[in-house]
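Structural characterization, general
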Amino acid sequence: MDYATLLQMLDTTLRLATPLLFACLAGLYSERAGVFDIGLEGKMLMAAMCAGSVAYLTGSVWLGMLAAIGGSLIFALAHGLASITFRGNQLISGVALNFVASGITVLVALALFDQGGRTPPLEGGARMAEITLPLAETLRGVPVLGPFYADVVSGHPILVYVGLLMVPATWWLLFRTRFGLRLRAVGENPASVDTAGVSVKRLRFAAVLIAGVLCGLAGAYMATGLQAGFGREMTAGRGYIALAALIFAKWRPWHALWACLLFGFFQSLALRPDVLANIGLKIPVPALDALPYVLTVIVLAGLVGKAIPPRAGGEPYVKER
Amino acid sequence: MTLTQTLLGAAATLALTSAMVSAEPAVIYDLGGKFDKSFNEAAYNGAKKWAEETGGTFKELEMQSEAQREQALRQLAESGANPVVTTGFGMSDPIAAVAPDYPDTKFVTIDGWVDPATNPNVLSIGFAEHEGSYLVGMLAAMASKTGTVGFIGGMDIPLIRKFGCGYAQGVMAAKPDAKVVLNMTGTTPAAWNDPVKGAELTKAQKGQGADVIFAAAGGTGIGVLQAAADEGILSIGVDSNQNHLHPGKVLTSMLKRVDVAVYNSFKAGEALETAPQALDLKSEGVGYAMDDNNAALITPEMKAAVDAAAEKIKSGELVVHDYMSDNTCPAATF
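Rules behind the numbers
- Residues numbered from 1 in each chain as written.
- Chains lettered and ligands numbered in written order.
- Predicted model: local features only at pLDDT ≥ 70, side-chain atom pairs only at ≥ 80, totals over all residues.
- Helix = DSSP H or I, 4+ residues; strand = E, 2+ residues; numbered from the N terminus.
- Rg over C-alpha atoms; globule rule 2.2 N^0.38 Å.
- Buried ≥ 20, exposed ≤ 12 C-beta atoms within 10 Å, placed from the backbone.
- Contact = placed C-beta atoms within 7 Å.
- Pairing = 2+ DSSP bridges.
- Right-handed = clockwise from strand over helix to strand, strands pointing away.
- Axes fitted to C-alpha atoms, helices over the stretch in contact; angles between N-to-C directions.
- Core = buried A, V, L, I, M, F, W, Y, C linked by C-beta atoms within 7 Å.
- Domains from an automatic or database assignment.
- Expected span 1.5 Å × (residues − 1).

This next bit is on the overall build of chain A. Along the backbone of chain A there are 13 helices and two strands. Its C-alpha atoms give chain A a radius of gyration of 20 Å, within 12% of the compact-globule value 20 Å for 321 residues. For chain A, the spread of C-alpha atoms along the three principal axes comes to 65 × 50 × 40 Å. Residues counted as buried form 50% of the 321 residues belonging to chain A. Of all intrachain contacts in chain A linking residues separated by at least 6 positions in sequence, the fraction that spans at least 24 positions is 77%.

And the structure:
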């Protein structure tokens, strides 16, 4: 494998890791606050449909992105209402939202455009432009690092960089602010937070809504950045891979970045069977597709360190039980 | 007053005629969805053409999951639909299970295979995809500047390998030293609907030097064609004529006349003959698409070479190997 091929694969890795990263961070906020979120997939799908439709109708990718966040927030609110306000089962609420998303996205797209649940292809300003970072071409001549900067780091839609910046931002918010401390506490021991006079419900809602915004960005990136339009079920299980990445990362922001990049790399490896064949490895492509899940099971089984979820995760908070 | 009378009269005539028309035909679209701009949409177009010509109506159902197949067949058969036309290989087993219960209903499986000896009321329609793919493979090789062309399949099943194998043979025939990069999108039905992965496979194949890519992948192909247009390379559509999706950037489309198959089945109605049909180049069941959108991409020499090969295939002088006959391919390894 030569350097140019490696660069191409890393480029693909970054592209494919971005939706995973957004969804994974979304799950991180939600689960750190004690609300399990199986519905990442559904929120992304909803967001992708909103982004595709609105971007097409208005011709503006940014309005599409706002619509995506809005669509995803509605689902996040529903999840919050069911599992926080009414103390329903968080897993069931998430699964239900996934089913609703799978159906309603196709229904709305069908009603709007009559193209079999697909939104019409986007063009020009309705698509997310790729950004060339400053000095990318000037620095290309620098050996090794120059092409890496120009081909891998530069030349992505802005949401890729936003996603990367979200990692330190999340770390700072969760581990260096009062809000973050409370948010984490609400996921570990909500009673103590309540005793301190802070609203558990409000904190959990905040976390779930942040997750909604992040899933909205993931969906917008998929429909207007990676693709030129929404297609039915276009998230294709990425919400679940993000959940796997979250467990693999043991609910920590920086680890989430590495986990998503690793899983993105597996996906890009699955696209290039020739690379593996060239170095004498013959791994079937489906085996590569299954790797994220296999790794997650290994981590969950406690073979590589321990994955301990937030202690109060999955349990609705009841005052004075 | 007169207007009302005319309207009422028209409505009455309509009601009468629809009552006189014998059983409605029905079509079931496969998982890719009715408007996949490809395989299933071709079926819809055939049904629509029949409806427009005869003024008749037809029933239609779209599959959402594997589990619905048998139920959908029973539902349509119970409702009196005849014939029930289905698209996609996945329908053969459910049809074989359902057909004996409704001996008076004719079933059609396009792309599938049900033995007519045990189920005399089932018509299996197959296509010689390898022949059509061979032709577009020749075009791809001749249009390629790098000498490397790509193939992106949907779900990894023998039928899709048949496309890929015919394509690779065509490429080799036109340019013996050319390289064919083959990829499949996945191994589950989700592979028919993953445009994101289709686009990434396209970029990966471009990275390996491919500058013409044939997508035989249903809805995933939309992503392939889009990415190819974005990356400035050529693509080849499948099943329906997809040249118009990106004018001047789609080299051609491998046509599989599912529309003709559906149209003919509907037209035959209840009297449908159930001897298995294989629609090939000779019967114009497969072919390649030429229109205003790709006229500038295909030179007269290319067209002449392909048409000459087509004649040879029709006359039997040239035999394209069918992957499904022995699960091997002389021109490519899967």
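Attention shifts here to the overall build of chain B. Within chain B, the regular secondary structure consists of 11 helices and 12 strands. In terms of principal-axis extent, the alpha carbons of chain B reach across some 70 × 55 × 40 Å. Taking contacts inside chain B between residues at least 6 apart in sequence as the whole, the part at least 24 apart equals 69%.

This part is about the pairing of strand β6 (residues 148–155) of chain B. Both faces of the sheet carry side chains from a regular strand, because those side chains alternate between them. Residues and elements named next belong to chain B. Across the eight residues that make up β6, a large majority, seven, are buried. The sheet contact formed by β6 and strand β7 (residues 179–186) spans seven bridges and is parallel. Counterpart to Phe-151 in the pairing with β7 is Leu-182. For the handedness criterion, the β-α-β arrangement of β6, helix α6 (residues 158–174) and β7 is classed as right-handed.

Here Arg-232 of chain A lies in the loop between α9 (200–226) and α10 (238–248). Taking the C-alpha atoms as reference, Arg-232 of chain A lies 6.1 Å from Arg-118 of chain A; in sequence the two are 114 residues apart. Not counting residues within four places of it along the chain, the set of residues in contact with Arg-232 of chain A comprises Val-106, Gly-117 and Arg-118 of chain A together with Gly-33 and Asn-193 of chain B.

As a further point, take the sheet that holds β7 of chain B. Residues and elements named next belong to chain B. Pairing within the open sheet is mixed, and its six strands lie in the order β7-β6-β8-β9-β10-β12. Every interior strand has two partners, whereas the edge strands, β7 and β12 (286–288), have only one. The mean inter-strand angle of the sheet, taken between neighbouring strand axes irrespective of direction, is 15 degrees. For strand β9 (residues 234–239) and strand β10 (residues 250–256), the ladder comprises five bridges, and the chain directions are parallel. Across the sheet, residue Val-238 finds its bridge partner in β10, namely Met-254.

A separate point is the interface of chain A and chain B. Facing the 22 residues of chain A at the interface are 21 residues of chain B. Residue assignment for the side of chain A that touches chain B shows that the elements contributing at least two residues are α1 (3–32) and α9 of chain A. Top contributing element to the side of chain A that touches chain B by residue count: α1 of chain A, with four residues.

Membership of the largest hydrophobic core comes to 192 residues, with the highest contact counts inside it found for Cys-24, Ala-51, Ala-245, Ala-256 and Cys-260 of chain A. No other element matches the 16 residues that α9 of chain A contributes to this core. Domain assignment of the residues forming this core places at least three in each of domain 1 (17–128 + 261–268) and domain 2 (130–255 + 286–326) of chain B. Residue contacts for Ala-51 of chain A: discarding those within four places in its chain leaves Gly-64, Met-65, Ala-67, Ala-68, Gly-219, Ala-220, Ala-223 and Thr-224 of chain A.

That bond from Asn-82 of chain B to Pro-83 of chain B is cis: its omega, -5 degrees, falls within 30 degrees of zero. With respect to the element layout, Pro-83 of chain B can be found in the loop between α3 (69–78) and β3 (84–87). With phi around 55 degrees, Arg-87 of chain A is a residue other than glycine that occupies positive phi space. By the element assignment, Arg-87 of chain A lies in the loop between α3 (61–85) and α4 (90–113). One non-glycine residue, Leu-135 of chain A, lies in the positive phi region at around 70 degrees. Mapped onto the secondary structure, Leu-135 of chain A falls in the loop between β1 (130–131) and α5 (145–153). Judged by the 12 C-beta atoms lying within 10 Å of it, Leu-135 of chain A falls in the exposed class.

Attention now goes to helix α7 (residues 195–207) of chain B. All names here are of chain B. Over its 13 residues, α7 extends 18 Å from the first C-alpha to the last, a length consistent with the 18 Å expected when each residue adds 1.5 Å. Among the 13 residues that make up α7, 12 are buried, leaving the element largely enclosed by the rest of the structure. Among the residues of α7, those classed as buried are Pro-195, Val-196, Lys-197, Gly-198, Ala-199, Glu-200, Leu-201, Thr-202, Ala-204, Gln-205, Lys-206 and Gly-207. Following α7 by one or two positions, Gly-209 has its phi on the positive side, about 100 degrees.

Another aspect to go through is the domain arrangement of chain B. All names here are of chain B. What the domain assignment reports for chain B is domain 1 (17–128 + 261–268) and domain 2 (130–255 + 286–326). Taken together, the contact between domain 1 and domain 2 spans 14 residues of the former and 17 residues of the latter. Per element, the largest residue contribution to the side of domain 1 that touches domain 2 is three residues, and it comes from helix α2 (residues 39–54).

For the rest of this paragraph, the subject is the sheet that holds strand β5 (residues 122–127) of chain B. Residue and element names in this part refer to chain B. Pairing within the open sheet is parallel, and its six strands lie in the order β2-β1-β3-β4-β5-β11. Among the strands making up the open sheet, the edge pair consists of β2 (59–62) and β11 (277–279). If you compare each strand with its neighbour and ignore which way they point, the axes differ by 15 degrees on average. With four bridges joining them, strand β1 (residues 26–29) and β2 adopt parallel strand pairing. Residue pairing in the sheet places Ala-26 in a bridge with Lys-59 of β2. With respect to the sheet, α2 is in contact with β1 and β3, its orientation differing from that of β1 by roughly 165 degrees.

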